[in-house]
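Chain by chain, the residues run as shown.
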Amino acid sequence: MPQSPIFILGIESSCDDTSAAIIKDGKILANVVANQDVHKAYGGVVPELASRAHQQNIIPVVDEAIKQSGINKEEIAAVAFTNGPGLLGSLLVGSSFAKAFSLGMDIPLIEVNHMQGHILAHFIEEKDGSKNQPNFPFLCLTVSGGHTQIVKITNYFEMEVLGETIDDAAGEAFDKVAKMLELPYPGGPILDRKAQLGNPNKFEFTHPKVPGLNYSFSGLKTSVLYFLKAELKKNENFIKENINDICASVQKTIIDILFIELKKAIKETGINEIAIAGGVSANSELRKRLASFSKDYNIYIPKFEYCTDNAAMIAITGYYKFLQNDFTEQDVAPNARMKV
Ligand code: KG4
Ligand code: ZN
């Protein structure tokens, strides 16, 4: 075992958040995230603008993380970075920075799969020493803007996807419906807030029929679109007058769909350690619904700051890879479609 303490710098730049974090022996010291407001005007992430914003943000964000952690950069044992999946131009900024930092400081470079990072965020220890870590094996419902998966985790690195979406991700469904409702970007959290004020049983939307433990959300998106078109023909103020109920009903449908397959997976595997991860795990209704399982299962719900994209999850994954001497060469290239 390498000498303690081990400080790992984590870098995340796969989509539209630039983030840097410092972890000391698995414990969080700093987790700085710069969001990119530039996409608001376009109603979604514009890849070209995202990479430019990463380029501007990366140095100040890393600088701030090192400052907040109270360590000297010379103490960092290794730099871990997201190598995929994500937007290629965005990934290139983080990976190029990490390579340069590794070369300049003469420390190992560690590549991290973003989706594994979301899952291993459950192993981050808080500053006060508190932690709530799942026991192996556990199931994780990983729900983000680009992914919807049920994953069986056997150890830190052995992960098996039991089911996943065959089209849109759950986060994408939230965002696309929010856009139809003319809510500002990013739609998911705003739809969540409006849903809390509405009646989830007011409108009904159909569930997809997909074999196995897989998901589909593109049909829901289309049915919401046709529903809105039909209602707007009868009453042009329909959205305005019913916004909270529409949000609550769509949110309930998305979460119902997520839980039908998750319950099947629990039954099929017999595993009773259940976690959620990814941006959509910040959703208040999803968290409530999962918490209601806690009398039958051991439930793990991440802190809000570890749900959406952040570098702490990359640093913790990097830490476990460091312990295994699992390092990366300088010629590694980002992989936009990297699998779990
Ligand atoms: O993990 P993440 O930050 O980025 C990706 O790796 O995709 O997830 C972002 C997604 C977006 O689709 C966003 O709308 C969704 O997570 N999201 C939410 C909430 N907070 C973030 N969806 C529903 N309710 C929320 N509270
Ligand atoms: Zn993510």
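Residues numbered from 1 in each chain as written. Chains lettered and ligands numbered in written order. Predicted model: local features only at pLDDT ≥ 70, side-chain atom pairs only at ≥ 80, totals over all residues. Heavy atoms only, no water.

*Asks:* If you had to explain the sheet that holds strand β4 (residues 76-84) to someone new, which residues and values would you point to?
*Replies:* On the basis of which strands lie adjacent, the open sheet formed by 5 strands has the order β3-β2-β1-β4-β5 and mixed pairing. Across the chains shown, the open sheet's two edge strands, defined by having one partner strand only, are β3 (27-35) and β5 (109-113). Neighbour-to-neighbour, the strand axes of this sheet turn through a mean angle of 20°, independent of strand direction. One ladder, built from 5 bridges, connects strand β1 (residues 7-12) with β4; its direction is parallel. Within β4, the residue paired with G10 across the bridge is A80. (Pairing = 2+ DSSP bridges. Helix = DSSP H or I, 4+ residues; strand = E, 2+ residues; numbered from the N terminus. Axes fitted to C-alpha atoms, helices over the stretch in contact; angles between N-to-C directions.)

*Asks:* Hey, could you go over the side chain of S69 for me, with residue numbers and the actual values?
*Replies:* Relative to the helices and strands, S69 resides in helix α1 (residues 47-69). There is a polar contact of 2.7 Å between the side chain of S69 and the backbone oxygen of I66. The contacts of S69, once residues within four sequence positions are left out, are I22, L29 and A30. (Polar contact = N/O pair within 3.5 Å; in protein donor to acceptor, adjacent residues only side chain to side chain. Contact = heavy atoms within 4.5 Å.)

*Asks:* Any chance you could break down the site of ligand 1 for me, citing the residues and the numbers?
*Replies:* Neighbouring ligand 1 are 17 residues; G145, D175, D192, N283 and D309 lie closest to it. With respect to ligand 1, the side chain of H118 contributes an N or O atom lying 3.1 Å from an oxygen atom. G145 places a main-chain nitrogen or oxygen 2.8 Å from an oxygen atom of ligand 1. In isolation ligand 1 exposes 550 Å². Once the protein is present, 88% of that is buried. Its residues placed into classes, the shell around ligand 1 shows 4 nonpolar, 10 polar and 3 charged. Three or more residues apiece are contributed to the shell around ligand 1 by two domains, here domain 1 (7-132 + 306-323) and domain 2 (138-302). (Near = heavy atom within 4 Å. Areas by Shrake-Rupley, 256 points an atom, 1.4 Å probe, with all protein chains shown as cover. Nonpolar A, V, L, I, M, F, W, Y, C, P; charged D, E, K, R; others polar. Domains from an automatic or database assignment.)

*Asks:* Give me the lowdown on the pairing of β3, citing residues and values where you can.
*Replies:* Every other side chain in a regular strand lies on the same face of the sheet, so the side chains alternate between the two faces. Note: strand β2 (residues 17-24) against β3, 8 bridges, orientation antiparallel. When the sheet's bridge partners are listed, T18 is paired in β3 with A34. In this antiparallel pair of consecutive strands, β2 and β3, the connection spans 2 residues, and D25 shows a positive phi of 50°.

*Asks:* Give me helix α2 (residues 88-105): which residues, what numbers.
*Replies:* Compared with an ideal rise of 1.5 Å per residue, which puts 18 residues at 26 Å, α2 spans 25 Å between its outermost C-alpha atoms and is within 8% of the ideal. Those residues of α2 not exposed but buried are S90, L91, V93, G94, S95, F97, A98, K99, F101 and S102. Among the structural elements, β1, α1, β4 and β5 are those in contact with the buried residues of α2. D106 occupies a position one or two residues after α2 and carries a positive phi of about 55°. (Expected span 1.5 Å × (residues − 1). Buried < 20%, exposed > 50% of the residue type's maximum accessible area, 1.4 Å probe, protein only.)

In short, the description is geometric, and any link to function would need to be established separately.
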